[in-house]
Number of protein chains: 2
Amino acid sequence: MAYTVGLDYGTNSVRALLVDIADGRELASFVYEYPTGKNGIILDESDHNLARQNPADYLEGIEATVKGVLEKAKADKDFRAGDVIAIGVDTTGSTPLPVDKTGNALVMSDEFKDNPNAMAWLWKDHTSFAEAAEITELARKEKPEYLAKCGGVYSSEWFFSKLLHCLRIDEKVFEAAFSWVECCDFITGNLTGTQAPNVVKRSRCAAGHKAMYNKGWGGLPAKEFLAKFDSRLGDLRDRLYDQTYAVDTSAGKLTAGWAKKLGLQEGIDVAVGAFDAHLGAVGSGIGPGKLVKILGTSSCDMLVSESGQSVPDIEGICGIVDGSILPGCFGLEAGQSAVGDIFNWFVNYIEPGGKQAGSHQALTEKANKLRPGQSGLLALDWNNGNRTILVDQRLTGLLLGQTLHTRPEDIYRTLIEATAFGALTIINRFEEYGVKVNEVINCGGISEKNALVMQIYADVCNREMKISSSAQTCALGSCIAAAVVAGGHGSFADAQKAMCSVKETTFKPISANVSVYKKLYKLYTQLHDAFGKVDYNQSLHNVMKDLLEIKDNTNC
Amino acid sequence: MAYTVGLDYGTNSVRALLVDIADGRELASFVYEYPTGKNGIILDESDHNLARQNPADYLEGIEATVKGVLEKAKADKDFRAGDVIAIGVDTTGSTPLPVDKTGNALVMSDEFKDNPNAMAWLWKDHTSFAEAAEITELARKEKPEYLAKCGGVYSSEWFFSKLLHCLRIDEKVFEAAFSWVECCDFITGNLTGTQAPNVVKRSRCAAGHKAMYNKGWGGLPAKEFLAKFDSRLGDLRDRLYDQTYAVDTSAGKLTAGWAKKLGLQEGIDVAVGAFDAHLGAVGSGIGPGKLVKILGTSSCDMLVSESGQSVPDIEGICGIVDGSILPGCFGLEAGQSAVGDIFNWFVNYIEPGGKQAGSHQALTEKANKLRPGQSGLLALDWNNGNRTILVDQRLTGLLLGQTLHTRPEDIYRTLIEATAFGALTIINRFEEYGVKVNEVINCGGISEKNALVMQIYADVCNREMKISSSAQTCALGSCIAAAVVAGGHGSFADAQKAMCSVKETTFKPISANVSVYKKLYKLYTQLHDAFGKVDYNQSLHNVMKDLLEIKDNTNC
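Let us look at the structure shown here.

Conventions and cut-offs
- Residues numbered from 1 in each chain as written.
- Chains lettered and ligands numbered in written order.
- Predicted model: local features only at pLDDT ≥ 70, side-chain atom pairs only at ≥ 80, totals over all residues.
- Heavy atoms only, no water.
- Contact = heavy atoms within 4.5 Å.
- Buried area = accessible area lost by both parts, 1.4 Å probe.
- Salt bridge = Lys/Arg side-chain N within 4 Å of Asp/Glu carboxyl O.
- Polar contact = N/O pair within 3.5 Å; in protein donor to acceptor, adjacent residues only side chain to side chain.
- Helix = DSSP H or I, 4+ residues; strand = E, 2+ residues; numbered from the N terminus.
- Axes fitted to C-alpha atoms, helices over the stretch in contact; angles between N-to-C directions.
- Parallel < 35°, antiparallel > 145°, perpendicular 65-115°, else oblique.
- Left-handed = near helix turned anticlockwise from the far one by under 90°.
- Nonpolar A, V, L, I, M, F, W, Y, C, P; charged D, E, K, R; others polar.
- Buried < 20%, exposed > 50% of the residue type's maximum accessible area, 1.4 Å probe, protein only.
- Least-squares fit on C-alpha atoms with pLDDT ≥ 70 in both.
- Pairing = 2+ DSSP bridges.

We now examine the interface of chain B and chain A. The partner chain A presents 50 residues to the 50 residues of chain B that form the contact. Between chain B and chain A, a total of about 4,300 Å² is buried, with carbon and sulfur atoms accounting for 59% of that surface. Counting the contacts that link chain B with chain A gives zero salt bridges. Viewed at the interface, chain A and chain B are joined by eleven residue pairs in polar contact (both at pLDDT 80 or more). Among the secondary structure elements, those contributing two or more residues to the side of chain B that touches chain A are α12 (340-350), β17 (397-402), α15 (408-432), α20 (511-532) and α21 (542-553) of chain B.

This part covers the packing of helix α1 (residues 55-73) of chain A against helix α6 (residues 183-192) of chain A. Residue and element names in this part refer to chain A. Interaxial distance between α1 and α6 falls to 11 Å at its minimum, and their mutual angle equals 50°. Compared by their axis directions, α1 and α6 come out oblique. Pair α1 / α6 crosses with right-handed handedness. Here P55, Y58, L59 and I62 of α1 come into contact with α6, specifically with C183, F186, I187, N190 and L191. Here the residues of the contact of α1 with α6 are counted per class, giving eight nonpolar, one polar and no charged.

Residue and element names in this part refer to chain A. In terms of burial, helix α17 (residues 451-461) is a largely internal element, ten of the eleven residues being buried. Residues of α17 that are buried include every one of L452, V453, M454, Q455, I456, Y457, A458, D459, V460 and C461, and no others. Looking at where α17 begins, the residue whose side-chain oxygen comes 3.0 Å from the main-chain nitrogen of L452 is N450. Just beyond α17, the residue with positive phi is N462, at close to 50°.

Time to look at the relation of the copies chain B and chain A. With an RMSD of 0.1 Å, chain B superimposes on chain A once it is rotated by 180° and translated 0.0 Å along the axis. The operation mapping one copy onto its partner corresponds to a two-fold rotation axis. Here 100% of the contact residues of chain B are again contact residues in chain A; the copies associate through an equivalent surface.

We now examine the pattern of salt bridges. Scanning all chains against the criterion turns up 52 salt bridges over all chains. The shortest N-O distance in the salt bridge between E431(A) and R463(A) comes to 3.1 Å. In this pair, E431(A) is assigned in helix α15 (residues 408-432) and R463(A) in the loop between α17 and β19 (465-467), connecting sequence segments 32 residues apart. Judged by relative accessible area, E431(A) falls into the partly exposed class, the value being 22%. For R463(A), a relative accessible area of 19% gives the class buried. When the shortest N-O distance is used, the salt bridge between E142(B) and K228(B) registers 2.7 Å. One end of the pair, E142(B), is in helix α2 (residues 129-142); the other, K228(B), is in the loop between α8 (223-227) and α9 (231-237), and 86 residues separate them in sequence. Given the relative accessible area of 35%, E142(B) is considered partly exposed. On the basis of relative accessible area, K228(B) is assigned to the exposed category, the value being 53%. Here the salt bridges do not stand alone but share partners, grouping E171(A), E175(A), D230(A) and R232(A) into one network.

Let us look at the sheet that holds β19(A). The strands that make up a sheet are held in pairs by hydrogen bonds between backbone atoms, and each pair lies either parallel or antiparallel. Residue and element names in this part refer to chain A. Read from one edge to the other, the open sheet built from six strands follows the order β14-β15-β13-β12-β18-β19, with strand pairing classed as mixed. Edge strands, defined here as strands with exactly one partner in the open sheet, are β14 (319-322) and β19. Ignoring which end each strand starts from, the neighbouring axes of this sheet average 25° apart. Of the strand pairs in this sheet, strand β18 (residues 439-443) and β19 are connected by three bridges, and their pairing is parallel.

Below you can see the structure in the form of structure tokens.
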């Protein structure tokens, strides 16, 4: 018997998953909620853009969750902790944190205790929007190739935007930082005693998708480029990294200290880390032509190229990185800035009619009785900006078509449809550039919990929607990476074949719905282009008329 | 001492008001809720457009309310019912009902009992939208002058749309009807025993604003024109009317029967009827340059020309009718299809967080703490279509700028602002055509109850907002008409001077708010034109960007 542990660092908690590498059977899972801040996030009431985390929570989470799964797994007579052959790690990102020369987090020192700028800058921290715009502007002028691989716009969520913002607002922190590491590298470095920033094996996934890392131009952006923002940013370049690694590489061996603390064997492999979505895609069975959609508060839409084949630059696709998902394939990452977050916003804040009337379940039941087009409503899914294909945080939501008869379930369904239209827009963009989408596998909370959402996605996208069998695909992906690194499987394809599957129940397009949604999608595209594109120049007058005509044609 | 009674027929109830004509003092007021249907309206769950009323409710309401005020007025020692010198009548409109040759409502016969098509077709009945479009189309082609006086578009709310729709869906009712009368003429005819359709003195106000009546082309639309839709509609023309009368005319004398029933003197004058908004404008002190805004579920915006001066055709203004408000002046009628209805919709249906959290008062208090532009939201006030200046029922609402942080009070304030922008658009249109607005007097429930709404209107319109002293300006207007008809005052100007006033507290523009709202109004206009006008052709891309910039500049 052989087992691996996957550590999955999410936005509010970390989860460990223990699986049998022979068949992917999940022996145990254990969650640790980050104790610091609100739901694990340090917020600032006066600045909605700020979102930080305490790295001490990350380290405490290792012990809590690994011990947790080992304790639970005792129920399985055949299981022995000595048969755990490796650990894999996935985290949110870009979630960089400043560290000292030894790799310790600055915020864990007395000097910077409780300073949010010395903490981990969580992926959804948007304080750096001005710096992101600056980086985009300079790169467009001087290094367009930097942007070509990350959708043409550098995001406020990403590595260098955050570092530059820190330099601007808190020089002390910036200057005290010997280097910055991504959360995933912080974890694997700690587990293997290689956390010193010049030693730790940096994640290809994090570097390529968020830090403009590419072998084509010698790794990270040039020192001269970074120095144009501030010479100290240029200097930092020397204390970052030149090499990066895919998840089929061992980051090192589990230290004696950790082995003892966790009750695992010393010296087992820890796989190089990657982002949760990327290993989630692996855990969902991603392969060429198979789109994996991770549906949670936001969405990640992951694809890989055929092995060994390159991919053209695709406008608006956030990242195209060699080996970021599967070794040997280009990983492509797209996504929507808010999916479940939009539904939660509506239920929790706008229609807070008590937990009964306003709950997701009650609204879903009512929305399920509506036919496509019946409400006469149309929305844009931009309440948190648009990640793909417009790559613009400075876009906002839109709801159109309200009458005095509009009811909450009409709006709720419309918000679901809007996210489905956003999803279709991503698929269409991939296919426009010749990257085929032959199969769609969904995973994440929404895909498990809400059949209406999945049916609407099937109808809007006119594609069968499959659901990953595992409820923990990110952690499972980490388990798969660990299994490959430890030699338990010869390749990712072999490991996925053994350890991944989709549920029997799938959602197939209903043709009557498909045809209505085709009309609605045309209008969505019109609004999308009119509000989202600078160079669009067309009257929108027909939008409401057409909506009403569609509404009338539903004969309700 | 001399008193008059004003009967004010609203959408859900009828009110009688008893005033002293010397100073407008209101001795008593009494309301009778129409007993039939839901809140007095017969609805059809399968057709949201339908709204009818039972004319029997109207007649019962006379007795209930007049007796009611006389009983209450007993508290005043000096009052004697014998000193009531006349009655005035105002009603909703266009609210036509089919009648037999004697002027009895068809629905009061055994044959058509309970048939909604034989009832009064309430102003907000929109079942006739297709017929309205047909009438507009034919008139555009053959009789553009018909439309020039009513804003260029014939509405589904108006007289001939409703008659034609009745003919199409219920021939029996149409053929059994000897004629059709407006609600106001039905009441004055009954009170004076002149209800036979060929005898009753028809209201100039109703005819001119809703039935394309104009002396310029010989009264109602030509028989040949009407016959093009159906020969039977052409034939009906002969059983309608050629003469109409302003509210300074006596419709006749109170019959002995009614006098006995009500406890008033036989033979006192009943003034010719008019629509509630028009007499409401009179009761608010309307005169040249004085805009009266009647703010309720919808709004009516009323102006008059200088006495004896004509007014050009104004695109999008629903009606320009000689003598429809004040005798000798052209009456101009504009309005918004929904004002309070939009706020009610949001509070009752979308944010029904219990009577505490979601009430108008609670939301107003929270919205009052927000600064203009702070929410980043913008809305169009078209949840019930747009009456002025687009004259298009087939427009719907729009809300734009939502983020995951948007809260109900943000939306509530934005909806108020949207109606204020709609109000400004009407004022601007009047002034573009040389009809000056020197003073704005508000009346109706919202102006009395919600200071935030009034302040936002002042800030958006950059004009002082005054509030009529009377809470019953429509009924007061009827009292004024009655006073003039009975000779109690020599002219409307004299009567208004004696009987009307505005409150001491007014709402003055706050310059910091004015400047933000100027920016927001520019964006509102952009959305308004892009979504409301066929020939608009401009990118809307800047809208959200500009909103966010404005939001950022509020420094919150």
